[in-house]
Amino acid sequence: MAVEERLQIKAGSEEYPLIIGTGLLARTGKILKEVGLGGKILVVTNPTVAALYLAVVEKALQDAGFTVSTVLIPDGEAYKCQSELVRVYDAAVASRLERDSVVLALGGGVIGDLAGFAAATYLRGIRLVQVPTTLLAQVDSSIGGKVAVNHREGKNLIGAFYQPAVVISDLAVLATLDRREFKTGLAEIIKVGLIGDRELDHFLRRERAAVWRLQTTALVEIIRRACSFKARIVNADVREEGCRALLNYGHTIGHALEAETGYTMYRHGEAVAIGMVGAAALSVDLGLAHSDLYRATLELIQAYDLPTAIPGLSAAKLVARMALDKKVKNSEVRFILTPAVGEALIKEGIPPERIYPVLYRLGAV
Ligand SMILES: NC(=O)c1ccc[n+]([C@@H]2O[C@H](COP(=O)([O-])OP(=O)(O)OC[C@H]3O[C@@H](n4cnc5c(N)ncnc54)[C@H](O)[C@@H]3O)[C@@H](O)[C@H]2O)c1
Ligand SMILES: [Zn+2]
């Protein structure tokens, strides 16, 4: 039986539907028509996702009367780059996309960010449809309107805020997702529970077995809750000038870990998982939270088989990375801390001497 839930996402003056369910890919064309789209459409995807899902999406679009063209980007973060962006523009020109044409991103966060930036800039902006196919993309990158490509000097350095016309999250695609990729998305869902949704946190603890075996109702529940929370925060701070920083819980240490290990050792969510354990420890050390908070955080992250330690990495190098993070204000280290499960606050200017003990506890040297 097909399942479908709709959320209306607001981002400042803009608004768009987010559809979560099963059997949605085969209805892509109809859904796009419903939201007023038509004409030419350029599908941006990669060979991995194309082999699994392109045919069904293409057919759905053609059946609904769209003129479909496709551009394949090689699979991997390395291809969220300027030369592949140019290939998307070339495909848009070759397909004669016009102001009312559509770019559809079919894939994970890499494809969503790249295709999104192309849509934001081609002809000064044409309509964008996100069809996220990883759990991370469904709960994080497809919502919030941040689109970007990487520069050799840093991730996401060239980007824009650009909201999609609709986001279509078909849960059935998660069945083919690598377990490690599934867990990286779960880390961001766990994050939402810890910083802002106690019911989600309870659900994740109680329904672990159902989540683990991809039971549809459990997935709908956690994805819907994670998306609603992110959407609420984004609407309150569309251009990331204030409270949107709360979404960076676990990311201060997480980003440092990813950068220090050259983006090869950890998937993003794994680095964030470790970072959340660190942030919980710091919340306790600074007297903001009871020690139960640390235990509860550790327990949940372990329950979902995500890493919680960083054996052997240099604490000094990690602290130096934190001070370089572009999201750090006035070169002081900023942490998101949790006074209790479901509550978070932004704390600026944490001195290195408070961070070292936490990193040592995580196994850094
Ligand atoms: N825009 C934002 O707000 C935001 C937020 C978080 C992350 N991001 C970006 O997202 C990117 C990471 O996204 P990701 O974790 O989705 O990685 P990804 O896009 O690289 O996808 C991970 C892997 O899964 C494969 N895949 C995708 N869907 C599949 C499916 N249904 N079945 C089988 N395999 C599938 C992909 O081909 C890839 O090999 C990073 O570039 C990051 O910067 C952006
Ligand atoms: Zn993240």
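Reading the values: the criteria
Residues numbered from 1 in each chain as written. Chains lettered and ligands numbered in written order. Predicted model: local features only at pLDDT ≥ 70, side-chain atom pairs only at ≥ 80, totals over all residues. Heavy atoms only, no water. Helix = DSSP H or I, 4+ residues; strand = E, 2+ residues; numbered from the N terminus. Rg over C-alpha atoms; globule rule 2.2 N^0.38 Å. Buried < 20%, exposed > 50% of the residue type's maximum accessible area, 1.4 Å probe, protein only. Contact = heavy atoms within 4.5 Å. Areas by Shrake-Rupley, 256 points an atom, 1.4 Å probe, with all protein chains shown as cover. Lys, Arg positive; Asp, Glu negative; His and termini not counted. Charge placed at Lys NZ, Arg CZ, Asp CG, Glu CD. Expected span 1.5 Å × (residues − 1). Polar contact = N/O pair within 3.5 Å; in protein donor to acceptor, adjacent residues only side chain to side chain. Domains from an automatic or database assignment. Buried area = accessible area lost by both parts, 1.4 Å probe. Salt bridge = Lys/Arg side-chain N within 4 Å of Asp/Glu carboxyl O. Donors = N, O, S within 2.8 Å, 3.2 Å for Na, K, Ca; no water. Axes fitted to C-alpha atoms, helices over the stretch in contact; angles between N-to-C directions. Parallel < 35°, antiparallel > 145°, perpendicular 65-115°, else oblique. Left-handed = near helix turned anticlockwise from the far one by under 90°. Nonpolar A, V, L, I, M, F, W, Y, C, P; charged D, E, K, R; others polar. Phe/Tyr/Trp six-rings, centres within 6.5 Å; stacked < 30°, edge-to-face > 60°. Lys NZ or Arg CZ within 6 Å of the ring centre and 35° of its normal. Near = heavy atom within 4 Å.

Okay, the overall build of the protein next. A count of helical and extended segments in the protein gives 14 helices and 11 strands. For the protein, the C-alpha radius of gyration of 20 Å lies close to 21 Å, the compact-globule estimate for 365 residues. Expressed as lengths along the three principal axes of its C-alpha atoms, the size of the protein is roughly 60 × 45 × 35 Å. Out of the 365 residues belonging to the protein, those deemed buried represent 55%. Counted over contacts in the protein with a minimum sequence separation of 6, partners at least 24 positions apart contribute 74%. Just so you have it, the protein exposes about 15000 Å², and 51% of that area is on carbon and sulfur atoms. The protein carries 42 positive and 40 negative side-chain charges, and their two centres are separated by 1 Å.

For helix α6 (residues 179-196), which comprises 18 residues, the first-to-last C-alpha distance of 26 Å matches the rise-based estimate of 26 Å (1.5 Å per residue) to within 8%. Counting buried positions along α6 gives 14 out of 18 residues, so the element sits mostly inside the fold. In this structure Asp178 caps α6, since a side-chain oxygen of it lies 3.0 Å from the backbone nitrogen of Arg180.

Okay, the domain arrangement of the protein next. As far as domains go, the protein holds domain 1 (4-177) and domain 2 (180-361). Across the contact, 26 residues belong to domain 1 and 28 residues belong to domain 2. When the two sides are added together, the surface that domain 1 and domain 2 hide from each other amounts to roughly 2400 Å², 73% of it contributed by carbon and sulfur. Its largest share of buried area at the contact with domain 2, domain 1 owes to Leu135, Val139 and Phe161, together 24% of the area lost on that side. For the pair domain 1 and domain 2, the interface holds 3 salt bridges. With a shortest N-O distance of 3.7 Å, Arg224 and Glu5 are connected by a salt bridge.

So, about the coordination of the zinc ion (ligand 2). Within the protein, the zinc ion (ligand 2) binds to Glu188 (OE), His251 (NE2) and His268 (NE2); these donor distances fall in the range 2.0 to 2.1 Å. Read in sequence order, the donor residues for the zinc ion (ligand 2) give the motif E-x62-H-x16-H. Note that His251 is positioned in helix α10 (residues 251-260) and His268 in helix α11 (residues 268-285), a separation of 17 residues in sequence. Look at His251 and you get buried, because its relative accessible area is 6%.

On to the packing of α10 against helix α13 (residues 315-324), then. Running from N to C, α10 and α13 point in directions that differ by 110°, and their axes come no closer than 9 Å. One finds that α10 runs roughly perpendicular with respect to α13. As for the relative orientation of α10 and α13, their crossing is right-handed in sense. Here Thr252, Ile253, Ala256, Leu257, Ala259 and Glu260 of α10 come into contact with α13, specifically with Lys317, Leu318, Arg321 and Met322. By residue class, the composition of the contact of α10 with α13 is 6 nonpolar, 1 polar and 3 charged.

The next point concerns the packing of aromatic side chains. Scanning the model with the defined rule gives 2 aromatic pairs in all. Taking the centre distance of 5.9 Å and the plane angle of 35° together, the rings of Tyr356 and Tyr360 count as tilted. With Tyr356 and Tyr360 both in helix α14 (residues 352-361) and 4 residues apart, the pair spans about one turn of that helix. Overall, the relative accessible area of 24% leaves Tyr356 in the partly exposed class. One residue, Lys33, lies across the ring of Phe66, its end atom 5.4 Å from the ring centre. Here Arg208 stacks its cationic end above the ring of Trp212, 4.9 Å away from the centre of that ring.

Taken together, the neighbourhood of ligand 1 is formed by 26 residues, with Glu77, Gly109, Thr133, Thr134 and Thr176 sitting nearest. Here a nitrogen atom of ligand 1 and a backbone polar atom of Lys146 are 2.8 Å apart. When isolated, ligand 1 has an accessible area of 870 Å², and the protein chains bury 87% of it. Put simply, the parts of the chain that give the shell around ligand 1 at least two residues each are α2 (47-63), α4 (109-121), α5 (135-141) and β8 (154-161). Element by element, the count of residues in the shell around ligand 1 is highest for α2, at 4 residues.

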